[in-house]
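Observations on chain architecture
One-letter residues, chain by chain:
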Amino acid sequence: AGAQIPCTEGGEFSRIVLVDLESSSVKYLVHNKRFNFNPAFSPDGTQIAYFSLDPGRQARQYARSEPIQGFAVHAVDAATGAERVLTNPTGKFLQ
């Protein structure tokens, strides 16, 4: 595989994908019913961290004219697609 870049694809329920820049092939890593965005490689290139938000929570906050809060940080293994949550929606890191 050549150089790769993590991206998002889709709208409200966005997917985290890994695009090979030489072949243009796409590997789907994360597809759930959340708004996922800003994927970035870990320094060693094995993990991709990204922000994730439950759209139901976002809609409730928007309806009440509240600031949108509740983003959690997640990570996905670039090779296996195994996901884990790094922070809870209040921003506290999980053990």
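See the structure above.
All of these numbers come straight from a predicted model, not from anything done at the bench.

Thoughts on the overall build of the chain
- Within the chain one finds one helix and seven strands.
- Its helices and strands in sequence order give the chain the pattern β-β-β-β-β-α-β-β, from N to C terminus.
- Residues classed as buried in the chain amount to 31% of the 95 residues present.
- Accessible area for the chain stands at about 6000 Å²; split by element, carbon and sulfur atoms hold 55% of it.

With respect to the packing of aromatic side chains
- Using the criterion set out here, one finds two aromatic pairs in the structure.
- Here F35 and F37 contribute two aromatic rings whose centre-to-centre distance is 4.9 Å and whose plane-to-plane angle is 25 degrees, an arrangement assigned as stacked.
- Of the residues examined, F35 reaches a relative accessible area of 29% and is grouped as partly exposed.
- For F37, a relative accessible area of 18% gives the class buried.
- For the ring pair F37 and F51, a centre distance of 5.5 Å and an interplane angle of 20 degrees mean the geometry is stacked. Note that F37 is positioned in strand 4 (residues 35–41) and F51 in strand 5 (residues 47–53), a separation of 14 residues in sequence.
- Here the aromatic cluster, defined as three or more aromatic residues joined through ring pairs, consists of F35, F37 and F51.

Points about unusual backbone geometry
- With phi around 65 degrees, S24 is a residue other than glycine that occupies positive phi space.
- Relative to the assigned elements, S24 resides in the loop between strand 2 (15–20) and strand 3 (26–30).
- Residue class for S24 comes out exposed when judged on its relative accessible area of 54%.
- Although it is not a glycine, N38 sits at a positive phi angle of roughly 55 degrees.
- Secondary-structure assignment places N38 in strand 4.

A look at the environment of G10
- In this structure, G10 sits in the loop between strand 1 (4–9) and strand 2.
- By relative accessible area, G10 is classed as exposed at 59%.
- C-alpha of G10 to C-alpha of N36: the two residues are 26 residues apart in sequence and 9.5 Å apart in space.

Section: the sheet that holds strand 6 (residues 72–77)
- Taken in spatial order, the four strands make up an open sheet running 4-5-6-7, and their pairing is antiparallel. Unpaired on one side and paired on the other, strand 4 and strand 7 (83–85) mark the two borders of the sheet. Strand-to-strand twist of the sheet, defined as the mean angle between neighbouring strand axes without regard to direction, takes the value 25 degrees.
- Both strand 5 and strand 6 contribute to a ladder of six bridges, which runs antiparallel. Bridge pairing in strand 6 links Y50 to H74.

Thresholds applied
Residues numbered from 1 in each chain as written. Predicted model: local features only at pLDDT ≥ 70, side-chain atom pairs only at ≥ 80, totals over all residues. Heavy atoms only, no water. Helix = DSSP H or I, 4+ residues; strand = E, 2+ residues; numbered from the N terminus. Buried < 20%, exposed > 50% of the residue type's maximum accessible area, 1.4 Å probe, protein only. Areas by Shrake-Rupley, 256 points an atom, 1.4 Å probe, with all protein chains shown as cover. Phe/Tyr/Trp six-rings, centres within 6.5 Å; stacked < 30°, edge-to-face > 60°. Pairing = 2+ DSSP bridges. Axes fitted to C-alpha atoms, helices over the stretch in contact; angles between N-to-C directions.

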